[in-house]
Amino acid sequence: RGDLGPGPILEALKTPTYQDGWGGWKPFSWGEDEARDFETFSAGGKPTVLPIIQIILARDPDEVQRWLSVVSKWNFKRVVPMHLDAPLALNPSNFGDAFEFVRSGKNKVRFCDEDVQFLREAEEGFLNFSVYKSPLGTLRGEKCDLRKPPRS
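So, here's what we can say about the structure. (Residues numbered from 1 in each chain as written. Predicted model: local features only at pLDDT ≥ 70, side-chain atom pairs only at ≥ 80, totals over all residues. Heavy atoms only, no water.)

**What about the overall build of the protein?**
Our working rule: Per the convention used, a helix needs a DSSP run of H or I reaching at least four residues, while a strand needs a run of E reaching at least two, with both numbered from the N terminus. Only protein chains enter the area calculation, which uses a 1.4 Å probe; residues under 20% of their type maximum are buried, those over 50% are exposed, and those in between are partly exposed. Every residue pair with non-hydrogen atoms within 4.5 Å of one another is taken to be in contact. Areas reported as accessible are Shrake-Rupley estimates using a 1.4 Å probe. Residue values count occlusion only from the protein chains shown.
Looking only at helices and strands, the protein has 7 helices and 2 strands in total. For the protein, the succession of helices and strands along the chain, N to C, is α-α-α-α-α-α-β-α-β. Buried residues in the protein amount to 33% of all 152 residues. Partitioning the contacts of the protein with sequence separation of at least 6, the portion at a separation of at least 24 is 70%. Within the structure as shown, the protein displays about 10,200 Å² of accessible surface, and the carbon and sulfur contribution to it stands at 59%.

**Some thoughts on the nonpolar core**
Heads up, the rule is: Each nonpolar core is a collection of buried residues, namely Ala, Val, Leu, Ile, Met, Phe, Trp, Tyr and Cys, held together in the definition by side-chain atoms within 4.5 Å.
Counting 14 residues, the largest nonpolar core has Phe95, Phe99 and Phe101 as its most contacted members. Counting only elements with at least two residues in this core, the list comes to α4 (61-71) and α6 (100-104). The greatest single-element share of this core, amounting to 3 residues, is contributed by α4. When neighbours within four sequence positions are excluded, Phe95 is seen to be in contact with Trp67, Leu68, Val71, Phe76, Val79 and Leu90.

**Some words on the layout of surface pockets**
The test is simple: Think of a 1 Å grid over just the protein atoms. A cavity is a set of points where a 1.4 Å probe fits yet cannot get out, a pocket is an open set with protein on both sides within 12 Å along at least five of seven lines, and lining residues have an atom within 4 Å of a point. Grid points are joined across faces, edges and corners, and a volume is the space filled by probe spheres set on the points. Three classes are used: nonpolar for Ala, Val, Leu, Ile, Met, Phe, Trp, Tyr, Cys and Pro, charged for Asp, Glu, Lys and Arg, and polar for all others, with Gly counted as polar.
Size it by volume and the largest pocket reaches roughly 720 Å³. Lining the largest pocket are 26 residues, and of these Thr48, Val49, Pro81, His83 and Leu88 sit closest to its centre. In terms of residue count, the dominant contributor to the lining of the largest pocket is helix α2 (residues 34-42) (3 residues). The residue inventory of the lining of the largest pocket, partitioned by class, reads 19 nonpolar, 4 polar and 3 charged.

**Quick look at the pattern of salt bridges**
Any two side chains of opposite charge can pair, on the condition that their charged atoms come close. Here is the rule: Basic side-chain nitrogens of Lys or Arg form a salt bridge, by our definition, when they fall within 4 Å of a carboxyl oxygen of Asp or Glu.
For the structure on display, the rule yields 7 salt bridges. In this structure, Arg103 engages Asp97 in a salt bridge whose closest nitrogen and oxygen atoms are separated by 3.5 Å. Judged by relative accessible area, Arg103 falls into the partly exposed class, the value being 44%. Between Glu114 and Lys143 there is a salt bridge, with the nearest N and O atoms lying 3.7 Å from each other.

**Digging into the packing of aromatic side chains**
The condition that has to hold: Pairing of aromatic rings covers Phe, Tyr and Trp, the last counted by its six-membered ring, and requires centre-to-centre distances within 6.5 Å; plane angles under 30 degrees mean stacked, over 60 mean edge-to-face, and any other angle means tilted.
Applying the stated criterion across every chain yields a total of 5 aromatic pairs. When the centroid spacing of 6.0 Å and the interplanar angle of 90° are considered together, the rings of Phe76 and Phe95 count as edge-to-face. Here Phe76, found in the loop between α4 and α5 (92-97), pairs with Phe95, found in helix α5; they are 19 residues apart in sequence, far enough to count as distant. On the accessibility criterion, Phe76 (15% relative accessible area) is buried.

**Quick word on the environment of Ala89**
Looking at where Ala89 falls in the secondary structure, it is placed in the loop between α4 and α5. Along the primary structure Ala89 and Arg78 are separated by 11 residues, whereas in three dimensions their C-alpha atoms are 4.4 Å apart. Ala89 has contacts with Lys77 and Arg78, leaving out every residue within four places of it along the chain.

Following this line, the structure appears as structure tokens:
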């Protein structure tokens, strides 16, 4: 789970070496339920929009829908994303499925809600003054009842 607050930074000061993370700073932690979490994330290889990108795209769903209507007229059989697995065997219809949040009108992700909680808290908290509000609301996922791993 993500924790960008002072907790990981204070822990990092206790171990200022690079072997366990960036200068000892570990903003993410993994628990015993990490395999289940990954299965939710990967969804059998279905394409997705990563949550940090979805935050940006959700600011103007009408423009995303307009762009999708243009791209869906193209004739393609694969997509090469900038991150994660590539290439993906996708046609225009499959490609559009990754943008279900625009079609549904809800800023919902297929990830566990616990995994996007820190992004939502940042968006609703310290970034609230600078982030243009989305008409789709803030990111939400399905509650997976993931347990936060104990601090080492």
